[in-house]
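# Reading the structure
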Amino acid sequence: MGDCGKTDGMSKGDYASHIHDLAVQLKDKVAEKAAQTVQTRAQSMKSEIDGQVQYQNQEAQNQATRDSASSGTPVTPKVISKNDKGDNGYSLLCPDSQKVVDKYKDYYKIDLLTIEPGDVSKIENELKNKHLTYIVDKFDRAKNFPDPKKSDGAEDPLTSVTGTGALATVKPLAADKNGVDVRPNPSSPGGLFGNASFGFAPTMAGSIGWQGATATTFTDITTNIPHVVESYNAAVRTVRNLLEVNRQVMLRARKDIDSILHDGIAAVDHCDDCKQGDDSAVATLGIVGGIATMIGGFVSIPVTGGLSAAAVAAGMDLVAGSTQTVASAMGVKGSPNPLSGSGIDEVVQKILKAATDTFNALDDIYNTVATQGFDKIDKITAGANRVDYVVLHPDPNFMGVTNKNADEVIT
Amino acid sequence: MTTAVPLPAVLRASTHLHQMGQIYGDVITQVKTAHDATGEVFESGHGDALKAACEGAINALWSAAADSHDNLFNTSVVLVRYVNAVCDADHTNAKELDTQVDAINQAAGREESSNGLPDGTVPRLPDVNPDDPDGNYVPEPSDDPAERPEGS
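Residues numbered from 1 in each chain as written. Chains lettered and ligands numbered in written order. Predicted model: local features only at pLDDT ≥ 70, side-chain atom pairs only at ≥ 80, totals over all residues.

## Some words on the overall build of chain A
A count of helical and extended segments in chain A gives 13 helices and zero strands. Each helix (α) and strand (β) of chain A, taken in turn from the N terminus, gives the series α-α-α-α-α-α-α-α-α-α-α-α-α. Across the 411 residues that make up chain A, the buried fraction comes to 43%. Across chain A, contacts joining residues at least 24 apart in sequence account for 78% of those joining residues at least 6 apart. (Helix = DSSP H or I, 4+ residues; strand = E, 2+ residues; numbered from the N terminus. Buried ≥ 20, exposed ≤ 12 C-beta atoms within 10 Å, placed from the backbone. Contact = placed C-beta atoms within 7 Å.)

## Brief notes about the overall build of chain B
Assigned secondary structure in chain B consists of three helices and zero strands. In chain B, the succession of α and β elements from N to C terminus is α-α-α. Looking at chain B as a whole, 47% of its 152 residues qualify as buried. If you take every contact in chain B between residues at least 6 apart in sequence, the share linking residues at least 24 apart comes to 77%.

## With respect to the packing of helix α5 (residues 151-162) of chain A against helix α1 (residues 7-36) of chain B
Their axes nearest at 7 Å, the elements α5(A) and α1(B) cross at an angle of 160°. One finds that α5(A) runs roughly antiparallel with respect to α1(B). When the axes of α5(A) and α1(B) are compared, the crossing they make is left-handed. Facing α5(A), whose interface residues are A:A154, A:P157, A:L158, A:S160 and A:V161, α1(B) presents B:V27, B:Q30, B:V31, B:T33 and B:A34. Of the residues in the contact of α5(A) with α1(B), the class split is seven nonpolar, three polar and no charged. (Axes fitted to C-alpha atoms, helices over the stretch in contact; angles between N-to-C directions. Parallel < 35°, antiparallel > 145°, perpendicular 65-115°, else oblique. Left-handed = near helix turned anticlockwise from the far one by under 90°. Nonpolar A, V, L, I, M, F, W, Y, C, P; charged D, E, K, R; others polar.)

## Some remarks on the packing of α1(B) against helix α2 (residues 48-89) of chain B
Residue and element names in this part refer to chain B. Contact pair α1 / α2: the axes reach a minimum separation of 8 Å and the direction vectors enclose 160°. Classed by the angle they form, the pair α1 and α2 counts as roughly antiparallel. Crossing handedness for the pair α1 and α2: left-handed. Tallied by class, residues from the contact of α1 with α2 come to 23 nonpolar, 10 polar and two charged.

## A look at α2(B)
One turn of the α-helix equals 3.6 residues, which is why residues spaced by three or four share an orientation. Its 42 residues place the ends of α2(B) 60 Å apart at the C-alpha level, agreeing with the 62 Å of an ideal helix rising 1.5 Å per residue. Of all 42 residues that make up α2(B), 32 are buried, and the element is covered over most of its length. (Expected span 1.5 Å × (residues − 1).)

Set out below in structure tokens:
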């Protein structure tokens, strides 16, 4: 039981076709299994309604006979038909039968009161071609799942920028309230930057005997360069990792929908009316809890007044590795969703609920990754703090030294 | 040399800044490529807001890299202008700088790695023309402004 194991390598089109075929198989299997039940129950409802009509008309006739005898004049009985109230006899059914009719409308979109209880094959065809097409429609969204391999096009260029190492930390440039420089020693950012930012060390003014205001400004600029480069690199790497989160989520969602359909078909196949269905357990998108844990790393990032490097690292280390998947990194397990039920209608309901849960989980994840991931990076990189953290910039005073400060350095 | 300013070191810093600006140019190319590839990464329809958030973040990275690129280039130019101003204040500095830069570049040319190519850790400095009539003893580094995302 479970997914077919082939979804990872499928293109978007191939996956859409695969899911469509499985959904049609499920629909047809449900139609095959349900046709006899529908026929039996439709006949049962028809008999109950006919019986009620006959009973009530007989009662009306009896009453008319009594009224005629007592009045001495003929009284015409008030005859009813099953559709007097425009509900095809629904109001004539007992409450339990009405529940059955309601359930079939909910689960199968079938009105037992309008189906002509003919032969089973005719009902089966009607179920396949009309009443149960909503089962196929239920899985339409999965046909739009993107090909996870397409993430390479966005991730690979960013990886070339940042390298594949562990997440670099974002470092504030300002001193703390005691005037102490709180910057950690910068590390090699990797990727395109490599060690380029460290080339300034030998040229720092303080170490080569250059004195004066210009030298001080020059030293400040060159000292900050490695930190700014590393912080920018961290922002790029974080975006790359968020793209990887999306890829892993899509891989998982593809498998889950595939698994729901495969397990669902098997469960329906082994489900006879009024017997327990299979014990197949469809794993709905169990990644939800794990994603929340991972994204929790972002939640604590303040967008003003500095960054919590530890929080960024704690969140993104989970997807920093090239081989570790989000699910395995977080120990995520699917939430078992047993498909057994008291009848095929209940089994079908559970299959569809599993799909709904998966789609809802996807929406939650999308929202979390967007608001707690990409949006935070946007604010860090484009907001008021960007100059301090991720953009190399000349000091405005330094820009003015081109000529006027030349004299100060002449001995 | 009649100045306390280590002009070759300032010139080397200018060269470093310009080289870093070129690295940022390469970064911009990659970030732009990533931006262009996001179209097929997210689920269409339900993932549109996520896609927009991703594009916003990548555009912010792109803009930040473009600003760094341009600022690095501008600062490298400022440093060269500073060197020229010092030399202009005392022409002797220009002549001594020319001599020192020649020696540095000869050393850089000799320092080759095992594959026979120049060792990039000792960059060549721009040649000095101590007799430039306009006072541009050291040529200013040239570069084009960085490409930026639409709307920025």
